[in-house]
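Here's the letter readout for the chains.
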Amino acid sequence: MNYAISSKALYTQVYQALLPAIQQDRECQAITQRLLGHYFQLNSISIALDEPIHLSLTQNNLLLAAIERLSHQEPIQYVLGITPFLGRDFRVTPAVLIPRPETEALVQYIIDHHPQGGKRVLDIGTGSGCIAITLQQELSQAIVHALEVDPEALQVAQENAKKLGAMVHFIQADILHEPLPAQKWDIIVSNPPYVRIAEQKHMQRRVLAHEPAKALFVPDEQPLLFYQRIVALAPYHLVLAGKLYLEINEVFGQVVASLLIGAGFERVCVVKDLHGKDRWVVGTFERERNSIHKHICL
Ligand code: GLN
């Protein structure tokens, strides 16, 4: 049975139900709009015009269940099971990190720097698959491999590739303890775990309670664990003039850049994100051509 309800009234009811848990007005507004958009295809204009909506019992129950989960600080992306990444919708579950705007910007940066097609790409620690899948679809004729240690995350990435029609070769492997497949790529990209346990005290409860710790954290005494391993392997798996793109913890820009230089990378750049924080390190592997000339561009 359907019953009609004013969309403004529904908006207010949902907003008020969420506010005690969400606390901040702006965020509560954004989450309310996202919920109503997802379940009822309402946007801010239809709400402002107070368009009536027809609420079925099933929809009502879905909405109540979502409000309940959000009240327990569960991220909206997990509650809806979906999040946008550079214009595509990716399924996300608590097995995978929710893609961040910084990672979208890194992928856009890679797309902008590779207008010519036919690249072979490796994504290390693919999670939801957002980097690998987007690059496969945006770089023309790219051949993309994606590595992931966690079987549940790998399943989510595979579902996303299938849903979005992306041909990505997924490999379950532990980058820290296993070798890479014996082949070379033009581009290696990774957004590995890089948050130190000591940084937890500055993080939102929602992230700590719900996102996968093993995709986020590294031990305080080994903050560069993944970078050391990737930078050690990359020279054997990049073609000449191949590129390495790494998302990083903002405090380690110079340190990760030095790792790349030490491994023979050239044109090593530390690139800042939208907030002016060091967020990516990029390098080109050219050692066999020129082993003397190196410079850092900042
Ligand atoms: N940028 C993520 C965060 O802010 C961390 C991503 C990662 O560890 N690779 O929580």
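All figures in this text were calculated on a predicted structure; none of them were measured in a lab.

> Can you tell me about the packing of helix α1 (residues 7–22) against helix α4 (residues 57–71), naming the residues and giving the values?
At a minimum axis distance of 8 Å, the contact between α1 and α4 shows a crossing angle of 25°. Considering the angle they form, α1 stands roughly parallel to α4. The hand of the α1/α4 crossing is right-handed. Contacts between α1 and α4 involve Leu10, Val14, Ala17, Leu18, Ala21 and Ile22 on the former and, on the latter, Leu63, Ile67, Leu70 and Ser71. Among the residues making up the contact of α1 with α4, the classes are represented as 9 nonpolar, 1 polar and no charged.

> Go over the pattern of salt bridges with me, naming the residues and quoting the values.
The final tally for this structure, using the stated rule, is 13 salt bridges. For Glu286, the salt bridge identified is with Arg267, shortest N-O distance 2.9 Å. You can see Glu286 sitting in the loop between β13 (278–285) and β14 (296–297) and its partner Arg267 sitting in strand β12 (residues 265–272), a full 19 residues away along the chain. A relative accessible area of 12% places Glu286 in the buried class.

> So what's going on with the layout of surface pockets? Residues and values would help.
Here the largest pocket defines a volume of roughly 730 Å³. What lines the largest pocket is a set of 25 residues, and nearest its centre among them are Arg100, Tyr194, Val195, Glu250 and Arg279. Those elements that provide at least two residues to the lining of the largest pocket are α6 (101–113), β9 (195–196) and α10 (213–216). Residues belonging to the lining of the largest pocket are distributed by class as follows: 11 nonpolar, 5 polar and 9 charged. Gly125, Glu148, Pro193, Lys214 and Ala215 are the residues nearest the centre of the second largest pocket, which is lined by 34 residues in total. When residues of the lining of the second largest pocket are traced back to their parent elements, those giving at least two are β5 (120–124), α7 (130–138), β6 (143–148), α8 (151–164) and α10. Per-class residue counts for the lining of the second largest pocket are 19 nonpolar, 8 polar and 7 charged.

> Give me the site of the ligand: which residues, what numbers.
The ligand sits among Leu97, Arg100, Asn191, Pro192, Pro193, Tyr194, Val195, Ala215, Leu216 and Glu247. Arg100 is positioned with one of its side-chain polar atoms (N or O) 3.1 Å from an oxygen atom of the ligand. For the ligand, the accessible surface in isolation is 300 Å², of which the surrounding protein chains cover 85%. More than half of the atoms of the ligand fall within 2 Å of the grid points belonging to the largest pocket. Of the residues contributing to the shell around the ligand, the split by class is 7 nonpolar, 1 polar and 2 charged.

> Which residues make up the packing of aromatic side chains, and what values go with them?
One pass over the full model with this rule turns up 6 aromatic pairs. Each ring, one from Tyr11 and one from Tyr15, has its centre 6.4 Å from the other, and the planes form 15°; the classification is stacked. Within this pair, Tyr11 and its partner Tyr15 are both found in helix α1, separated by 4 residues, close to a single helical turn. Across the pair, Tyr15 and Tyr11 agree in class, each one buried. Note on Tyr109 and Tyr245: the rings are 6.3 Å apart at their centroids and 75° apart in plane angle, and the pair reads as edge-to-face.

Scoring rules and cut-offs
Residues numbered from 1 in each chain as written. Predicted model: local features only at pLDDT ≥ 70, side-chain atom pairs only at ≥ 80, totals over all residues. Heavy atoms only, no water. Axes fitted to C-alpha atoms, helices over the stretch in contact; angles between N-to-C directions. Helix = DSSP H or I, 4+ residues; strand = E, 2+ residues; numbered from the N terminus. Parallel < 35°, antiparallel > 145°, perpendicular 65-115°, else oblique. Left-handed = near helix turned anticlockwise from the far one by under 90°. Contact = heavy atoms within 4.5 Å. Nonpolar A, V, L, I, M, F, W, Y, C, P; charged D, E, K, R; others polar. Salt bridge = Lys/Arg side-chain N within 4 Å of Asp/Glu carboxyl O. Buried < 20%, exposed > 50% of the residue type's maximum accessible area, 1.4 Å probe, protein only. 1 Å grid on protein atoms, 1.4 Å probe; cavity = no way out; pocket = protein on both sides within 12 Å on 5 of 7 lines; lining within 4 Å. Points joined across faces, edges and corners; volume = space filled by probe spheres on them. Near = heavy atom within 4 Å. Polar contact = N/O pair within 3.5 Å; in protein donor to acceptor, adjacent residues only side chain to side chain. Areas by Shrake-Rupley, 256 points an atom, 1.4 Å probe, with all protein chains shown as cover. Sits in = over half its atoms within 2 Å of the grid points. Phe/Tyr/Trp six-rings, centres within 6.5 Å; stacked < 30°, edge-to-face > 60°.

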